[in-house]
Amino acid sequence: MTLPLEVLEAVQAGRCILALGTHASEEAARAVGRVWHLAPDLARRLGWAPPRRLAGQRGRHLVPSVEEGAAAFEATHGRDALVRLLRGLVGLEDVPPTAAHRTALRRFPVILTTAWDGLLQRCAREEGIAARFLHRGQPLCEPADGPVVLCMRGTFAEPASLVVTARDHAVPPSADAHRAFRALLRSHLLLFVGYGPDDEELDRLWEDLTDLWGGELPRCHLAVVQGRMDDFLWQKWIWRACALFTADPIECMAEIEAGIAA
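Everything quoted here is computed from the prediction, not taken from an experiment.

> Please clarify how the pairing of strand 6 (residues 220-224) should be interpreted in this entry.
Side chains on a regular strand alternate between the two faces of the sheet. By the criterion of burial, strand 6 is predominantly enclosed, with 5 of the 5 residues buried. Residues C220, L222 and V224 of strand 6 are buried on one face, and the alternating residues H221 and A223, pointing to the opposite face, are buried as well. Two elements, strand 5 (residues 189-195) and strand 6, share 4 bridges in a ladder whose sense is parallel. When the bridges of strand 6 are listed, Y195 appears paired with V224. Remark: the strand 5/helix 10 (residues 200-213)/strand 6 crossover connection has right-handed handedness.

In structure tokens:
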């Protein structure tokens, strides 16, 4: 991979915001021999057919999606049962953070994460990094002695904060959150790492950030995880003013460290 110079310069200057997706968590899990497929797991527990892509709809999410499966499971079994199920599947309490999590906390003043697990929190404790963790709806504050981490979909450590279903996403951000994000993005570059181009969580995050910004987001960078990407998806993100390059989270963070050390 070739790390865009604009990204490296922004990181070095301390003016790059990192959006970190759950592919970083999947890398951590694979390192200890664990793999999960959340949409199929939910479908199986509901007695649904395995998720599939709609015929003729390139670049569409799996149907049924994680959101749809979670909503149906919650309607049948209740919220507490849904949280217990998700925590058992992707809680990752026994999985150590990776170098990607360490670099994220050391090199980025602000991190927006869509992972539900506590890998960033655990990494901060282990590394002695004074990170401040916030949840969806809370306004971003200026970093002080360490980075500010905004958990856009909540965490298992605080179950009430979890954002899983479409109804959860419908809760609007506060006016303070709007102002804080707009002020921050005017002076920082936005970098997405740990997302696939057709991930449901990426589209949801994009909607959230567009809402916070109050319009189309400024030019940003998207490190697309390894895998096939068709022209439909490529054009989709190009039209959203994303500069794309291919890199998995650990690979991308390693390149950032190498660029800073050079």
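So much for the structure itself; the text now carries on.
> Even after reading the chapter, I still don't get the sheet that holds strand 7 (residues 242-246), so can you show me in this structure?
What holds strands together in a sheet is hydrogen bonding between their backbones, with the strands either parallel or antiparallel. Overall, parallel pairing links the 7 strands, which are arranged 3-4-2-1-5-6-7 in an open sheet. Only two strands of the sheet have a single partner each, and these edge strands are strand 3 (132-135) and strand 7. Neighbouring strand axes in the sheet, compared pairwise and without regard to direction, differ in orientation by 20° on average. Relative to strand 7, strand 6 runs parallel, the two sharing 5 bridges. Residue pairing in the sheet places C220 in a bridge with C242 of strand 7. Packing of helix 11 (residues 231-239) onto the sheet brings it into contact with strand 6 and strand 7, and relative to strand 7 it is tilted by some 135°. Strands strand 1 (16-20), strand 5, strand 6 and strand 7 of the sheet are contacted by helix 12 (residues 249-261), whose axis makes an angle of about 140° with strand 5.

> Looking at this structure, how should I read unusual backbone geometry?
Most peptide bonds take the trans configuration, and most residues that are not glycine carry a negative phi. The phi dihedral of L92 falls on the positive side, at around 60°, and the residue is not glycine. The exposure class of L92 is buried, given its relative accessible area of 1%.

> What's the story with the side chain of T114 in this structure? I'm lost.
Mapping T114 onto the fold places it in the loop between strand 2 (110-113) and helix 7 (119-127). Beyond its immediate sequence surroundings of up to four residues, T114 is in contact with L20, G21, T22, M152, R153, Y195, E201 and L205.

> Quick question: what am I supposed to make of helix 4 (residues 66-77) here?
It helps to recall that an α-helix has 3.6 residues per turn; residues three or four apart then point in one direction. Across its 12 residues, helix 4 extends 16 Å between first and last C-alpha, which sits within 8% of the 16 Å expected from 1.5 Å per residue. Those residues of helix 4 that sit buried are V66, E67, G69, A70, A72, F73 and E74. Residues of helix 4 that are buried make contact with helix 3 (38-46), helix 5 (79-90), helix 8 (166-169) and helix 10. In the stretch just after helix 4, G78 is the one whose phi turns positive, near 100°.

About the criteria used
- Residue indices follow the written sequence of each chain, beginning from 1 at its first position.
- Thresholds applied to this predicted model are a pLDDT of at least 70 for local features of residues and 80 or more for the giving and counting of side-chain atom pairs; totals over whole chains, interfaces and linings are not thresholded and use all residues.
- Side-chain numbers here rest on the full set of heavy atoms in the structure, without hydrogens or water.
- Relative accessibility decides the category of a residue: with a 1.4 Å probe and only protein chains considered, values under 20% of the type maximum give buried, values over 50% give exposed, and everything between is partly exposed.
- Helix numbers and strand numbers start at the N terminus; a helix is a DSSP run of H or I with at least 4 residues, a strand a run of E with at least 2.
- Two strands qualify as a pair provided that DSSP identifies no fewer than 2 bridges between them.
- Crossover handedness is defined here as right-handed if the route from the first strand over the helix to the second strand goes clockwise, with the strands pointing away from the viewer.
- Angles shown run from 0 to 180 degrees and are taken between the N-to-C directions of axes, each axis being a line fitted to C-alpha atoms and, for helices, limited to the stretch in contact.
- Residue contacts follow a heavy-atom distance rule, with two residues in contact if any of their heavy atoms lie within 4.5 Å.
- Multiplying 1.5 Å by the helix residue count minus one yields the expected span of that helix.

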